Amino acid sequence: MDFVHLHLHTEYSLLDGSSKIPQLVKRVKELGMKSCAITDHGVMYGVIDFYKECIKEGIKPILGCEVYVAPNGRFNMESGNGRYYHLVLLASNDKGYANLMKIVSRGFLEGFYYKPRVDYELLKEYHEGIIALSACLAGEVAVNITKGSYDGAKEAAARYDEIFGHGNFYLEIQDHGIPEQADVISALLRMSKEMDIPLVATNDSHYIYAEDAQAHDILLCIQTQKKVNDEDRMRYEGGQYYVKSPQEMEKLFSYAKEAVENTVKIAERCNVSIEFGNYKIPRFDVREGLTPWEYLQELCDNGLKKRYPKAFESGHENEEEA
């Protein structure tokens, strides 16, 4: 069975992911996979490097991001409103890639509060061309399930299904051996049937090989300013957050084969093409009778007068003297 990693963090998930892109792409190819996604936390810094490396190695790149969704709105930065949910977004076409960049950029420019946060408003505005996955245990659907609110989880799933359009939102199942994940998987299997929302299997990869788990744990300690021996600290328990093979994923989710098959179907839907070497300079309309250069000069002159009005007060014979 084929499988595509659709939830994967590289070194650009700073101090959280340790997978270096060249080695990552080579490993994906080595395991016989034809596609792979990049979904770093809140950023798209690694997208171009990832795209180029995938093309070089004959792997289809899927460009995405795991964003932080602020339920109380991205502009709400009062104490106690730093809460956010995870959500995986994948660009299905060039329009979706442009929209994803807008979402992530505005998360930094307008919603940064500990993390670059977005909200439902931004997702609605720029949903076109994007496929969304419900994410990990920190996703809104999963959080409601772990809190015992199945109805709340269904409400969240219905909201995302409406925002992105039916067929563009998937309930994401993960199994890293964490007890809470078993409860979430059970609820998502039920929810998928009740709401006709498809399932997708992911592995939330943060490092390439299983033996990288210890080094990755040290990386988390650097991020959280903790010591390895500290008991109360962030951990990725179980050592299962590596780039697994299609065979491992098929075995892990043998009871939900459609969730594994859907990774390939999603990959087939994602087709983004990035053109290099051709500068796409924006075209601005200018006042009638002026060339672009004359209009730019006029704007600069007006800007100088506004910023330094005293230099242009009466008494100067001309603007050059000013």
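Residues numbered from 1 in each chain as written. Predicted model: local features only at pLDDT ≥ 70, side-chain atom pairs only at ≥ 80, totals over all residues. Heavy atoms only, no water.

Engineer: Help me out: how do you make sense of the packing of helix α6 (residues 150-164) against helix α7 (residues 179-195) in this one?
Structural biologist: Two quantities define a packed helix pair, namely the angle between the helix axes and the distance between the axes. Across the interface, α6 lies against α7 with an axial gap of 11 Å and an inter-helix angle of 55°. Between α6 and α7, the interaxial angle falls into the category oblique. Considering the relative orientation of α6 and α7, their crossing is right-handed. Side by side, α6 and α7 meet where Tyr 150, Ala 153, Lys 154, Ala 157 and Ala 158 of the first sit next to Ala 187, Arg 190, Met 191, Glu 194 and Met 195 of the second. When grouped by side-chain class, the residues that make up the contact of α6 with α7 number 7 nonpolar, no polar and 3 charged. (Axes fitted to C-alpha atoms, helices over the stretch in contact; angles between N-to-C directions. Helix = DSSP H or I, 4+ residues; strand = E, 2+ residues; numbered from the N terminus. Parallel < 35°, antiparallel > 145°, perpendicular 65-115°, else oblique. Left-handed = near helix turned anticlockwise from the far one by under 90°. Contact = heavy atoms within 4.5 Å. Nonpolar A, V, L, I, M, F, W, Y, C, P; charged D, E, K, R; others polar.)

Engineer: Can you walk me through the environment of Ile 266 in this structure?
Structural biologist: The residue Ile 266 is located in helix α10 (residues 257-269) in this model. The class of Ile 266 is buried, set by a relative accessible area of 0%. Taking the C-alpha atoms as reference points, Ile 266 and Gly 152, 114 residues apart in sequence, are found 26 Å from one another. Dropping the residues within four chain positions of it, Ile 266 is found in contact with Leu 6, Leu 90, Ile 131, Leu 133, Tyr 170 and Val 200. (Buried < 20%, exposed > 50% of the residue type's maximum accessible area, 1.4 Å probe, protein only.)

Engineer: Sorry if this is basic, but what is going on with the pattern of salt bridges here?
Structural biologist: Close approach of charged atoms allows side chains of opposite charge to pair. In the structure shown here, the tally under the stated rule is 17 salt bridges. Across the pair Arg 74 and Glu 121 runs a salt bridge, and its minimum N-O distance is 2.9 Å. On the criterion of sequence distance, the pair formed by Arg 74 in the loop between β2 (60-69) and β3 (85-91) and Glu 121 in helix α4 (residues 120-125) is long-range, its members being 47 residues apart. Residue classification places Glu 121 among the partly exposed residues on the basis of a relative accessible area of 49%. Look at the salt bridges and you will find they share partners, linking Arg 74, Arg 106, Glu 110, Asp 119, Glu 121 and Glu 125 into a network. (Salt bridge = Lys/Arg side-chain N within 4 Å of Asp/Glu carboxyl O.)

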